[in-house]
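Residue-level listing of the chains:
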Amino acid sequence: MQLYYDFHLHSCLSPCGSEDMTPYNLVQMAALQGMDVIALTDHNTCLNCPAAMEVGKEAGIAVVPGMELTTSEEAHVVCLFPALENALAFDTLVYSRLPAIDNRPDIFGEQWIMDAGDGITGTLSKLLINAADISLAEIVDLLRDYDGFCFPAHIDKNAYSILASLGDFPPEFGFQAAEISANGNAEELVARYPVLGSMPLLCSSDAHYLEQIRPAGPWIEASDNSPAAIIEALRNGCTWSRAQDV
């Protein structure tokens, strides 16, 4: 089936995310925009995924538990998981590999953990936008231990991307998909880095504010909209489109 997606969304648990990006609000906005499936991918944490997945069940939209990992090279990698328990186990590992630097809400913003009713249930003390002690070279193999799937985020951007960090897209790292932002030139990137031509080139919003969640457009083919089916489709080089309008 053809599924409209957004696999890169931040909640108010990301310190750079808007306070309006509560689990309830972001899931409902994605549903209003016509999405079939989304992933919640806060910086270096999965702890708002339980609430978002609960809201998704009520709103009729599938929510894949995920994370936007900041690697040791300060490159962003989107990590997706087939089940919540896998995501939370990976969350524990990543938090242990973040530097012991406290968040400063007055500078970086709050890091709110919420329930499905948008009640604040806690905060995280470590600053989540720092780089974890996990490298680009090891992340694909590491995710297999959690049955997860990962791809480099917004590779066309000149900061916090694999190309900005390394100046290359090494095939030996084993990535099977990549994200190019809506304004990125996919054809030019494929010409420069031919390995990209053999994989889905995803297009998500990287929304930190409600108004950045775009109307449905990009889609992939999968057997259904469950997290496990989405990951299986991406691993198998699914049919996909970066179209920006339905």
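Since the model is a prediction, treat every value here as computed from it, not as a measurement.

Caption draft 1: Main features of the overall build of the protein. Assigned secondary structure in the protein consists of eight helices and 11 strands. Along the longest, intermediate and shortest principal axes, the C-alpha atoms of the protein span 45 × 40 × 30 Å. By residue count, 56% of the 246 residues in the protein fall in the buried class. Across the protein, the fraction of contacts at a sequence separation of at least 24, relative to all contacts at a separation of at least 6, is 73%. In the structure as shown, the protein presents an accessible area of about 9900 Å², 48% of it carried by carbon and sulfur atoms. Side chains of the protein carry 10 positive and 34 negative charges; the gap between the two charge centres is 4 Å.

Caption draft 2: Here's a closer look at the environment of Ile220. Take Ile220: it is sitting in strand 10 (residues 219-221). Separated by 218 residues in the primary sequence, Ile220 and Gln2 place their C-alpha atoms 5.7 Å from one another. Ignoring anything within four residues of it in the chain, the contact list for Ile220 reads Met1, Gln2, Leu3, Tyr5, Phe7, Leu202, Ile230, Leu234, Cys238, Thr239 and Trp240.

Caption draft 3: Region of interest: the state of the cysteines. Throughout the structure, instances matching the rule amount to zero disulfides. Cys12 takes part in no disulfide bond, and the closest cysteine sulfur to it belongs to Cys16, at a distance of 12 Å. Note on Cys46: no disulfide assigned, nearest cysteine sulfur contributed by Cys49 at a separation of 4.9 Å.

Caption draft 4: Fine view of the nonpolar core. Ranked by size, the top nonpolar core spans 60 residues in total, and within it Phe90, Ile139, Phe169 and Phe175 carry the most contacts. The element best represented in this core is helix 5 (residues 136-144), accounting for five residues. Those residues within four positions of Phe90 in sequence are excluded, and the remaining contacts are Met67, Cys79, Phe81, Ile139, Leu142, Leu143 and Tyr146. In this structure, Leu3, Val64, Leu202 and Cys238 belong to the second largest nonpolar core, which totals 22 residues.

Caption draft 5: The arrangement of the packing of aromatic side chains in detail. Evaluated as defined, the whole model comprises five aromatic pairs. With centroids separated by 5.4 Å and ring planes inclined at 40°, the aromatic side chains of Phe81 and Phe90 adopt a geometry described as tilted. Take Phe81: its relative accessible area is 0%, and that puts it in the buried class. The class for Phe90 is buried, based on a relative accessible area of 0%. An aromatic cluster is present here, built from Phe81, Phe90 and Tyr146 joined pairwise through their rings. Over the face of the ring belonging to Tyr95 we find Lys126, whose NZ or CZ atom lies 4.9 Å from the ring centre.

Caption draft 6: Here's a closer look at the packing of helix 1 (residues 23-32) against helix 2 (residues 49-59). At a minimum axis distance of 9 Å, the contact between helix 1 and helix 2 shows a crossing angle of 40°. Classified by the angle their axes make, helix 1 and helix 2 are oblique. In the packing of helix 1 onto helix 2, the handedness of the crossing is right-handed. Of the residues in helix 2, those touching helix 1 at Pro23, Tyr24, Val27 and Gln28 are Ala51, Ala52, Val55, Gly56 and Ala59. Grouping the constituent residues of the contact of helix 1 with helix 2 by class yields seven nonpolar, two polar and no charged.

Caption draft 7: Focus on the environment of Leu3. Relative to the assigned elements, Leu3 resides in strand 1 (residues 2-9). For Leu3, a relative accessible area of 1% translates into the label buried. Along the primary structure Leu3 and Asp36 are separated by 33 residues, whereas in three dimensions their C-alpha atoms are 5.6 Å apart. Apart from residues lying up to four places away in sequence, Leu3 is in contact with Asp36, Val37, Pro218, Trp219, Ile220, Ala222, Asp224, Asn225 and Ile230.

Caption draft 8: Structural view of the sheet that holds strand 2 (residues 37-40). Strand order in this open sheet of seven strands is 7-4-3-2-1-10-11, and the pairing throughout is mixed. Of all strands in the sheet, those bounded by a partner on one side alone are strand 7 (149-152) and strand 11 (240-241). The pairing of strand 4 (residues 76-80) with strand 7 spans four bridges and is classified as antiparallel. Residue pairing for strand 7: Cys79 is matched across the bridge by Cys150. Contacts from helix 2 reach strand 2 and strand 3 (62-70) within the one sheet, and its direction differs from that of strand 3 by about 155°.

What counts as what
- Residues numbered from 1 in each chain as written.
- Predicted model: local features only at pLDDT ≥ 70, side-chain atom pairs only at ≥ 80, totals over all residues.
- Heavy atoms only, no water.
- Helix = DSSP H or I, 4+ residues; strand = E, 2+ residues; numbered from the N terminus.
- Buried < 20%, exposed > 50% of the residue type's maximum accessible area, 1.4 Å probe, protein only.
- Contact = heavy atoms within 4.5 Å.
- Areas by Shrake-Rupley, 256 points an atom, 1.4 Å probe, with all protein chains shown as cover.
- Lys, Arg positive; Asp, Glu negative; His and termini not counted.
- Charge placed at Lys NZ, Arg CZ, Asp CG, Glu CD.
- Disulfide = S-S within 2.5 Å.
- Core = buried A, V, L, I, M, F, W, Y, C linked by side-chain atoms within 4.5 Å.
- Phe/Tyr/Trp six-rings, centres within 6.5 Å; stacked < 30°, edge-to-face > 60°.
- Lys NZ or Arg CZ within 6 Å of the ring centre and 35° of its normal.
- Axes fitted to C-alpha atoms, helices over the stretch in contact; angles between N-to-C directions.
- Parallel < 35°, antiparallel > 145°, perpendicular 65-115°, else oblique.
- Left-handed = near helix turned anticlockwise from the far one by under 90°.
- Nonpolar A, V, L, I, M, F, W, Y, C, P; charged D, E, K, R; others polar.
- Pairing = 2+ DSSP bridges.

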